[in-house]
Amino acid sequence: ANMEAEIKRETEKAVADKTAPKDHTFSELADYYLKEYVKPPVFNPSGRKISGLKRNLKNIETVVGLLVSYFGSRPMREISYEDIRRFKESYEQTVLAARGQLPAVSTVNEKLSILRRMFNIAIQMDWLDVNPFRRGPALIDQAGANRRNRMLTFEEEQRLLKACEPHEIEIEYK
């Protein structure tokens, strides 16, 4: 009877080991994201984007490097909402070398939106059950970001005015 119980325990452990989700690390997620998603855009003949990103890929790779340096090879299931909040707070207080100033709200939002996207991909891959961003109040501050006021260039203004000029239209009366 003891031998049967031992065999049953070993069998149950083997089944559990096969079905238990592997604890993927944040570094693994970063590698997968860079390999599968951070690519130049591919468009279909009608001009619709099929895959890839329109954004600056070098910039995204730099952001992912920053995230890996913070979250490292921690198991993703252990990264909490509070960890992300602490990352945001620490980044908001980091003087950026390029400008010698604290980062703009839009810069912080960019980092967080890439991180949120990476966690969503982890969910798609069954590496994670819930995105930690959803476990608390919104961390991405859309209201605080400066809205851009884009001005037309001189050339764009000229083209717009030319397009507004009245055209001769032939009207056919019946």
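Rules used throughout
Residues numbered from 1 in each chain as written. Predicted model: local features only at pLDDT ≥ 70, side-chain atom pairs only at ≥ 80, totals over all residues. Heavy atoms only, no water. Helix = DSSP H or I, 4+ residues; strand = E, 2+ residues; numbered from the N terminus. Expected span 1.5 Å × (residues − 1). Buried < 20%, exposed > 50% of the residue type's maximum accessible area, 1.4 Å probe, protein only. Arc of directions from axis to C-beta. Contact = heavy atoms within 4.5 Å. Core = buried A, V, L, I, M, F, W, Y, C linked by side-chain atoms within 4.5 Å.

Novice: Could you give an account of helix H4 (residues 81-92), naming the residues involved and the relevant values?
Specialist: The end-to-end C-alpha separation of H4 is 17 Å, in line with the 16 Å expected for twelve residues at 1.5 Å each. For H4, every residue scored as buried is listed here: Tyr81, Asp83, Ile84, Phe87, Lys88 and Tyr91. One side of H4 holds all its buried residues, which, seen down the axis, span an arc of 165°. Contact partners of the buried residues in H4: helix H3 (57-71) and helix H5 (105-124).

Novice: Please provide a residue-by-residue account of the nonpolar core, values included.
Specialist: Phe26, Leu29, Leu67, Ile84, Met118 and Phe119 are the most contacted members of the largest nonpolar core, which totals 32 residues. Counting only elements with at least two residues in this core, the list comes to helix H2 (26-36), H3, H4 and H5. By residue number, the principal contributor to this core is H5, which donates eight residues. Beyond its immediate sequence surroundings of up to four residues, Phe119 is in contact with Phe26, Leu29, Ile79, Ile84, Leu128, Asn131, Pro132 and Phe133.

Novice: Break down H2 for me, with residues and values.
Specialist: Among all positions in H2, only Phe26, Leu29, Ala30, Tyr32 and Tyr33 are buried. All buried residues of H2 project into a common sector of 165° when viewed along the axis, lining one side. Exposed residues pointing more than 90 degrees away from the buried face of H2 are listed as Asp31 and Lys35. Along its buried surface, H2 packs onto H3 and H5.

Function cannot be inferred from these measures alone, as they are strictly geometric.
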